[in-house]
Amino acid sequence: MLSLGVARLAGAAPANDDFADRFLLADANLTAQSVLDGATREPDEPRPSTDFGASIWWEWTAPFSGGVAVESLAPIVTALAVFTGDTLSSLSLLASNPGYPGPTRVSFRAQTGERYQILVAATGAPGGTVTLRINPGPLNDDFAGRQAATLNVASLGTLHGATREPSEPIHTSQGAWA
């Protein structure tokens, strides 16, 4: 697992405050940190929810194809959004969460080599350190990867990062197969 931290001068904007200065990430399991103190919102920045202000940016290049979970943890409520595109004007929203107290999570299907733009934004006054986590979804996320199960046997796992396959019956927004 890769873990990245960022230092900055007090009162200065975070280094990844602007989209053009987003931090570049590429590992399958990683944790990165930045701060929201001093962050701003760019004039042409997309608004994944109606109530957000200051933001910071990352770009993640997917090293695999499949389900992926992105999570932001902060001492304040944050919105989280994932986009495709290489400029602010060309961004297309892929997944978003307007933010609630506690961790903010989104899941989506990644393609190897594709670059994803990740926005974490304060929904109130910006402040504190944001921890960003990116992890692959569960191994049994797709029907082809389902796990054998029998009655009276519990199978432990998680739905964190599970996604819906294009041909999967509509039963929920995410699932794993047994």
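Residues numbered from 1 in each chain as written. Predicted model: local features only at pLDDT ≥ 70, side-chain atom pairs only at ≥ 80, totals over all residues. Heavy atoms only, no water.

J.: What exactly am I supposed to notice about the overall build of the protein here?
T.: Of the regular secondary structure elements, the protein holds zero helices and ten strands. Counting only contacts in the protein whose residues sit at least 6 apart along the sequence, the fraction spanning at least 24 positions is 72%. Working note: accessible area of the protein is about 9100 Å², and carbon and sulfur atoms make up 54% of it. (Helix = DSSP H or I, 4+ residues; strand = E, 2+ residues; numbered from the N terminus. Contact = heavy atoms within 4.5 Å. Areas by Shrake-Rupley, 256 points an atom, 1.4 Å probe, with all protein chains shown as cover.)

J.: Honestly, the pairing of strand E3 (residues 30-35) in this entry has me stumped. Any pointers?
T.: Regular strands have side chains that alternate between both faces of the sheet. Across the six residues of E3, five count as buried, placing the element largely inside the fold. Bridge count between E3 and strand E10 (residues 129-136): six bridges; the pairing is antiparallel. Residue pairing in the sheet places Val35 in a bridge with Thr129 of E10. (Buried < 20%, exposed > 50% of the residue type's maximum accessible area, 1.4 Å probe, protein only. Pairing = 2+ DSSP bridges.)

J.: Where do I start with the nonpolar core in this structure?
T.: A general tendency of soluble globular proteins is for nonpolar side chains to be buried together. Trp58, Trp60, Val70, Phe108, Ile118, Leu132 and Ile134 are the most contacted members of the largest nonpolar core, which has 26 residues in total. Listing elements by their share of this core, those giving two or more residues are E3, strand E4 (55-61), strand E5 (66-73), strand E6 (78-84), strand E8 (104-110), strand E9 (115-122) and E10. The leading source of residues in this core is E9, at four residues. Those residues in contact with Ile134 that sit more than four places away from it in its chain are Leu25, Ala28, Asn29, Leu30, Trp60, Val68, Ala69, Val70 and Ile118. Formed by nine residues, the second largest nonpolar core is a distinct cluster that contains Phe52, Trp57, Leu88 and Leu119. (Core = buried A, V, L, I, M, F, W, Y, C linked by side-chain atoms within 4.5 Å.)

J.: Explain the sheet that holds E6 to me, please; I cannot follow it from the model alone.
T.: Hydrogen bonds along the backbone pair up the strands of a sheet, which may run parallel or antiparallel. Strands sit in the order E2-E4-E9-E6-E7 across an open sheet of five strands; the sheet is mixed. Unpaired on one side and paired on the other, strand E2 (23-25) and strand E7 (92-97) mark the two borders of the sheet. Strand-to-strand twist of the sheet, defined as the mean angle between neighbouring strand axes without regard to direction, takes the value 25 degrees. When E2 meets E4, the two strands line up parallel, connected through three bridges. Looking at the pairing, Leu24 lines up with Glu59 of E4. (Axes fitted to C-alpha atoms, helices over the stretch in contact; angles between N-to-C directions.)

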